[in-house]
Each structure stands twice: as structure tokens, then as C-alpha cells.
Amino acid sequence: MLKRENYYQKWEEIVQSSCFWVAVLDGNVVGIVAARGNEEDNTVELRRMSVDSNYRGKGIAKALGRKVLEFAVLNNYSSVVLGTTAVKMAAHKLYESLGFKHVGVVEHYALPGMTHSLLERMFFQLRYHRYRLQLREE
């Protein structure tokens, strides 16, 4: 059983190494992105980037991605990593335009909560792409 003090200490560590940005235009939230630092390997993981479909193609995702890179540089992380199941080439082009390199793919990736039923295996054959941007050598 996790002691209450340890829980709060762990939560505090996560909060200190994490950030969340919101893009707002004309009072409306149009995009979000999160970043979580990992002290063990000195990386930041870009997580949960999303832009409202009505505002895509306007540079919002790129601006949000740059915020994550800025956070990583300011906090002396050596690299930024991300994983995506995006099937649209625009997402992959965005990551590459920010300087990320495609470093691998996992075939037949299962999303959390999938049961691997026959129907899921037939219709949800996802590829999980991994990207990495090396900011500096360790």
C-alpha cells in the first residue's frame, strides 16, 4: 500500500516535470499539448497534442510543438520523444518539420483497453510510430 506522503511526493515530482499549454483564439480553446519530463533518461515526452479541426493548417500545432521544445531546452533535457498512431500524413510531416526523426514503428499496436478480439484485430490494426529530437548529447 502506498503511503499518503509518498503519493503526494510522487505527484509533486510529476507536476514539477510536466507542463500543459492551451492555444486560445478569440476566447476559444483551439488546441492543447502536454509535456512530461523523465529524469531517468533526461527526455521530455510530447503528449496529447490536438488542434480543433476548424483551426488546422493555421500553424497552431507547430506553435504548440515549439512550446514543448522550448520547455525541454529551458529545463536542460537532452531530447524530446513522442509516439503517435496518427494515420494522417500531415501529423508526421508536422513532427518532421519540428526536427523530429522517425526512429521506429510498432506494427499491430493495441490501444489501452483493447481486448484483441477478432473484430478489433480485423479493424484496428494500428501502427505506433516513435519520433525523437536530440537537443544535445549527454
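This text goes with the structure placed above it.
Presented here is a report on the structure given in the accompanying data block. All values derive from a computational prediction rather than experimental measurement.

**Remarks on the overall build of the protein**
Then comes step 1: For the protein, the helix and strand inventory stands at 4 helices and 6 strands.
Then comes step 2: Across the 138 residues that make up the protein, the buried fraction comes to 30%.
Then comes step 3: Taking the intrachain contacts of the protein between residues at least 6 apart in sequence as the baseline, contacts between residues at least 24 apart amount to 58%.
Then comes step 4: In the form shown here, the protein has an accessible surface area of approximately 9,800 Å², with 53% of it arising from carbon and sulfur atoms.

**Regarding the environment of K101**
Then comes step 1: Topologically, K101 is positioned in strand 5 (residues 101–109).
Then comes step 2: Placed 33 residues apart in sequence, K101 and Q134 show a C-alpha to C-alpha distance of 8.8 Å.
Then comes step 3: Excluding residues within four positions of it along the chain, K101 makes contact with R130, Y131 and R132.

**Describing the nonpolar core**
Then comes step 1: V44, L46, V68, V80 and F100 are the most contacted members of the largest nonpolar core, which has 25 residues in total.
Then comes step 2: Elements with a minimum of two residues in this core: strand 1 (18–25), strand 2 (28–38), strand 3 (43–51), helix 2 (60–74), strand 4 (79–84), helix 3 (89–97) and strand 6 (126–134).
Then comes step 3: Sort the elements by how many residues they give to this core and helix 2 lands first, with 6 residues.
Then comes step 4: If we skip the residues at most four places from it in the chain, F100 touches L46, L69, V80, V81, L82, Y95, Y131, R132 and L133.

**Some words on the pattern of salt bridges**
Then comes step 1: The final tally for this structure, using the stated rule, is 2 salt bridges.
Then comes step 2: A salt bridge links R47 to E45; the shortest N-O distance between them is 3.1 Å.
Then comes step 3: We classify E45 as partly exposed; its relative accessible area is 26%.
Then comes step 4: Among the ionic pairs, K67 bridges to E70, the shortest N-O distance being 3.8 Å. Of this pair, K67 and E70 both sit in helix 2, 3 residues apart, which is roughly one turn of that helix.
Then comes step 5: On the accessibility criterion, E70 (40% relative accessible area) is partly exposed.

**A short note on the pairing of strand 1**
Then comes step 1: As paired elements, strand 1 and strand 2 share 8 bridges and run antiparallel to each other. Following the sheet pairing, C19 is matched in strand 2 by A35.
Then comes step 2: Adjacent in sequence and paired antiparallel, strand 1 and strand 2 are bridged by 2 residues, among which D26 carries a positive phi angle near 50°.

Thresholds applied
- Residues numbered from 1 in each chain as written.
- Predicted model: local features only at pLDDT ≥ 70, side-chain atom pairs only at ≥ 80, totals over all residues.
- Heavy atoms only, no water.
- Helix = DSSP H or I, 4+ residues; strand = E, 2+ residues; numbered from the N terminus.
- Buried < 20%, exposed > 50% of the residue type's maximum accessible area, 1.4 Å probe, protein only.
- Contact = heavy atoms within 4.5 Å.
- Areas by Shrake-Rupley, 256 points an atom, 1.4 Å probe, with all protein chains shown as cover.
- Core = buried A, V, L, I, M, F, W, Y, C linked by side-chain atoms within 4.5 Å.
- Salt bridge = Lys/Arg side-chain N within 4 Å of Asp/Glu carboxyl O.
- Pairing = 2+ DSSP bridges.

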